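Residue-level structural notes
Read off the chains here:
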Amino acid sequence: MRIVDQPGFDLEDFSRRFELAKNSAGQDLRKLFDNTRKLGLSLVKHLGLTFELSDLVDILPSLKTTCFDGTWKPHRASYVLERPGCRLLQEQGFAACDYWREALDGLVMGLCEDERLARHKSCGHGDATCVDVLFQDRESVRLAPIASRLLPKLNFIQTCFASEEIDLTFKGLLENTLYYEIKPQGKKPCGTENKNWHDELKNMLADLTPNLKLQDSSPLAVIGGEP
């Protein structure tokens, strides 16, 4: 039985509590994430059931926000929602994208065990469309694949680093941000040397692809860890 058909699940009450959770957080993104996560956890405890991907794609559009409008389409073991930039972006700027991403991210984490959210693209961060992905931790879709048009430029940068015996790996993209990892071959760098490599990468990328941002993914679990 789907969650929406459970006798103990009241969609109208859930939507009202979601509004209260986000409104009480104000513009504090950390508090917003915590509030919606706690809401999800409390519902799971009340029902005695955790949510699955199919439950999420039924319920999220009912929260009545333009950021979640549209149809979640199955893609392999995940679901993808792609839509154009919404009126919230026009009215509030990129902060609206971050606000609703955190609200949804916290809610999904609270409602589910293994299922997670990844926002691959957002118009507020320079992408042409907004793309959210609901997936299970074991699925390697947390980061969006790198566009083929970027690969020659990135391959050139990797070759330059390889000539200095440094392994540079580009992991994928989230919201126009490129995630990467730098590892020297056979030696442990000092702090200054490590910083120089990251600075050099930023300079090279700025020359070749100036609109792309960078994020070092070395301390992050790109796939399999909590966002």
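In this report, the structure presented in the accompanying data block is examined. Being a predicted model, the structure only gives us computed values, none of them experimental.

1. Considering the pattern of salt bridges
Tallying each qualifying case throughout the model produces 13 salt bridges. A single salt-bridge network, built from bridges that share partners, covers Asp98, Arg101, Glu102 and Glu175.

2. Some details on the state of the cysteines
Enumeration according to the criterion identifies zero disulfides in this entry. Here Cys67 is not disulfide-linked; the sulfur of Cys86 is the nearest cysteine sulfur, at 5.6 Å. What makes Cys67 buried here is its relative accessible area of 7%.

3. So, the sheet that holds strand β4 (residues 130-136)
Sheet architecture is open: four strands sit in the order β1-β2-β4-β3, paired in antiparallel fashion. Edge positions in the open sheet fall to β1 (73-75) and β3 (115-121), since each of these has one partner strand only. Strand-to-strand twist in this sheet, taken as the mean axis angle between neighbours without regard to direction, amounts to 30°. Pairing between β3 and β4: six bridges, direction antiparallel. Note on β4: the bridge partner recorded for Lys121 is Val131.

4. Considering the sheet that holds strand β5 (residues 166-174)
Strand order across the open sheet formed by three strands is β5-β6-β7, with mixed pairing between neighbours. Edge positions in the open sheet fall to β5 and β7 (213-216), since each of these has one partner strand only. Here the strands of the sheet are splayed against their neighbours by 30° on average, with no regard to which way each runs. Where β5 lies against strand β6 (residues 177-184), eight bridges are found, and the strand directions are antiparallel. Among the inter-strand pairings, Leu174 is bridged to a residue of β6, identified as Thr177. Across the sheet, helix α6 (residues 151-162) is in contact with β5 and β6; its angle to β5 comes to roughly 155°.

5. Brief notes about the packing of aromatic side chains
What the rule picks out here adds up to five aromatic pairs. Summarising the aromatic geometry, the rings of Phe9 and Phe51 are spaced 6.4 Å apart at their centres and angled 75° between planes, so their arrangement reads as edge-to-face. A residue pair is termed long-range when its members are at least 10 positions apart, and Phe9 in the segment before α1 (11-23) and Phe51 in the loop between α2 (29-47) and α3 (53-59) qualify at 42 residues. Look at Phe9 and you get buried, because its relative accessible area is 9%.

Rules used throughout
- Residues numbered from 1 in each chain as written.
- Predicted model: local features only at pLDDT ≥ 70, side-chain atom pairs only at ≥ 80, totals over all residues.
- Heavy atoms only, no water.
- Salt bridge = Lys/Arg side-chain N within 4 Å of Asp/Glu carboxyl O.
- Disulfide = S-S within 2.5 Å.
- Buried < 20%, exposed > 50% of the residue type's maximum accessible area, 1.4 Å probe, protein only.
- Pairing = 2+ DSSP bridges.
- Helix = DSSP H or I, 4+ residues; strand = E, 2+ residues; numbered from the N terminus.
- Axes fitted to C-alpha atoms, helices over the stretch in contact; angles between N-to-C directions.
- Contact = heavy atoms within 4.5 Å.
- Phe/Tyr/Trp six-rings, centres within 6.5 Å; stacked < 30°, edge-to-face > 60°.

Just geometry here; none of it tells us what the structure is for.
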